[in-house]
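Single-letter residue listing:
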Amino acid sequence: MISNKLLYNVMALITVMVWGVTFVSTKVLITDGLDPAQIFIIRFAVAYLCTLLISHDIFLASNIKDEVLMLVTGITGGSLYFISENTALSLTFAANVSLIICCAPILTIILGKILFNDLIKSLAWIGTIIAFTGVGIVVFGSSENYGINPWGDILTFVAALSWAIYCLLLKTLSRRYSNLFITRKVFGYGVITATLYYILTNEIHGFSITGSIIGNLLFLSIGASFVCYLMWNTSVKYLGAEKTSCYIYIVPLVTILASALILGEPVTITTLLGTILIIGGVFMTTT
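Notes on the structure in this doc start here. (Residues numbered from 1 in each chain as written. Predicted model: local features only at pLDDT ≥ 70, side-chain atom pairs only at ≥ 80, totals over all residues. Heavy atoms only, no water.)

Here we come to the overall build of the protein. Looking only at helices and strands, one finds twelve helices and zero strands in the protein. Along the protein, from the amino end to the carboxyl end, the secondary structure elements read α-α-α-α-α-α-α-α-α-α-α-α. Burial statistics for the protein: of 287 residues in total, 52% are counted as buried. Across the protein, every contact between residues at least 6 apart in sequence was considered, and the portion connecting residues at least 24 apart equals 90%. Of the accessible surface of the protein, which amounts to about 13,500 Å², a share of 74% is contributed by carbon and sulfur atoms. (Helix = DSSP H or I, 4+ residues; strand = E, 2+ residues; numbered from the N terminus. Buried < 20%, exposed > 50% of the residue type's maximum accessible area, 1.4 Å probe, protein only. Contact = heavy atoms within 4.5 Å. Areas by Shrake-Rupley, 256 points an atom, 1.4 Å probe, with all protein chains shown as cover.)

Another point: the pattern of salt bridges. In total, this model carries two salt bridges according to the counting rule given. Close ionic contact of Arg176 with Asp66 constitutes a salt bridge, the shortest N to O distance being 2.9 Å. One end of the pair, Arg176, is in the loop between helix H7 (150-173) and helix H8 (179-201); the other, Asp66, is in helix H3 (residues 64-91), and 110 residues separate them in sequence. Between Lys185 and Glu67 there is a salt bridge; the shortest N-O distance is 2.7 Å. A residue pair is termed long-range when its members are at least 10 positions apart, and Lys185 in helix H8 and Glu67 in helix H3 qualify at 118 residues. Across the pair, Glu67 and Lys185 agree in class, each one buried. (Salt bridge = Lys/Arg side-chain N within 4 Å of Asp/Glu carboxyl O.)

This part is about the environment of Thr73. Along the chain, Thr73 falls in helix H3. Since its relative accessible area comes to 0%, Thr73 is described here as buried. For the pair Thr73 and Ser162, spaced 89 residues apart in sequence, the C-alpha separation works out to 9.1 Å. Of the polar contacts made by the side chain of Thr73, one reaches the backbone oxygen of Met70; its length is 2.5 Å. (Polar contact = N/O pair within 3.5 Å; in protein donor to acceptor, adjacent residues only side chain to side chain.)

Any functional reading would require information beyond the geometric quantities listed.
Pasting the structure below:
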C-alpha cells in the first residue's frame, strides 16, 4: 500500500515537472509562428489519437449525465483552462499568471470541502500556505515584470478555478470509468470546443514545418498531454484531487529552472529560498 502511494506521488511529481517545461516549449513554438490556440488543438488532437489506439472499445458514457460531465472535463481541463491562461499571458505579466494559477490547489481543497465535505487535515492547510508563499517568492523574486492588470488576472483566476473543477470531476468520474476512457474524452472534447472557439475568434493561418516545430509538438502532444494526463488522472484517482493538486505548486519552479538551463536565465537566492518552502509545503500536504 505504501509503495503504491509512493508510485502515485512520483507520477504526479513527474507530471508537473514535465508541465513546467511546456512553457518553454510553447514559447519556442510561438516564436516559430504558431499561435497558442493552434498549439493546443494540435497537441490535444495528437494525444487523442494516441489514446484512441489503446482505448476504442467504448465511445460514450453509460448515461447522458456522465457524457455531459465528460464534456465539462474537456472544457475545464482542456480548452477553457488553456485559452484563459494563454489569453491572460497576453494581458498581464507572466509572473502574475504563474502565481495566480497556483490558486488551483487551494480552490480544489475549498470546493472539495464544500461539495464533498472532504476531511482536510490542519497539516495540509499549513503546507498549502507554505507552498503558496514559496511560489510567490520564486515568481516575484525571479521577475521584475509584475503588477496589477484586472482582466488578465481575472482570466488567470478563471483558469485556476477551471483546473480545480476538472480535478474534482475526475474524482467523481474515476469511480465509474477507466482513466484511459476519461482521458480520451478530455482530449476529444477539448479539441472540439477549442476548435469552435478558434474558428469563431481567429483567422486560420498556416505555418512552416521545421524540425524544431515537429520536436516540440511531439513533446507537448505525446509527453505533456498523452502520458502526463494519464499519470495525473491516475494520481487523482488514488491520492485524491486535493493532495494531487498541490503538486501544481512545483510548476513555476520547474519553469524557472528550465529557463535557466535552456535559455540561460539566472537563478537567484530568492529562487532557492522559495524552492525550500515549496518542497516543504508540498511534502506536508501530501503526507
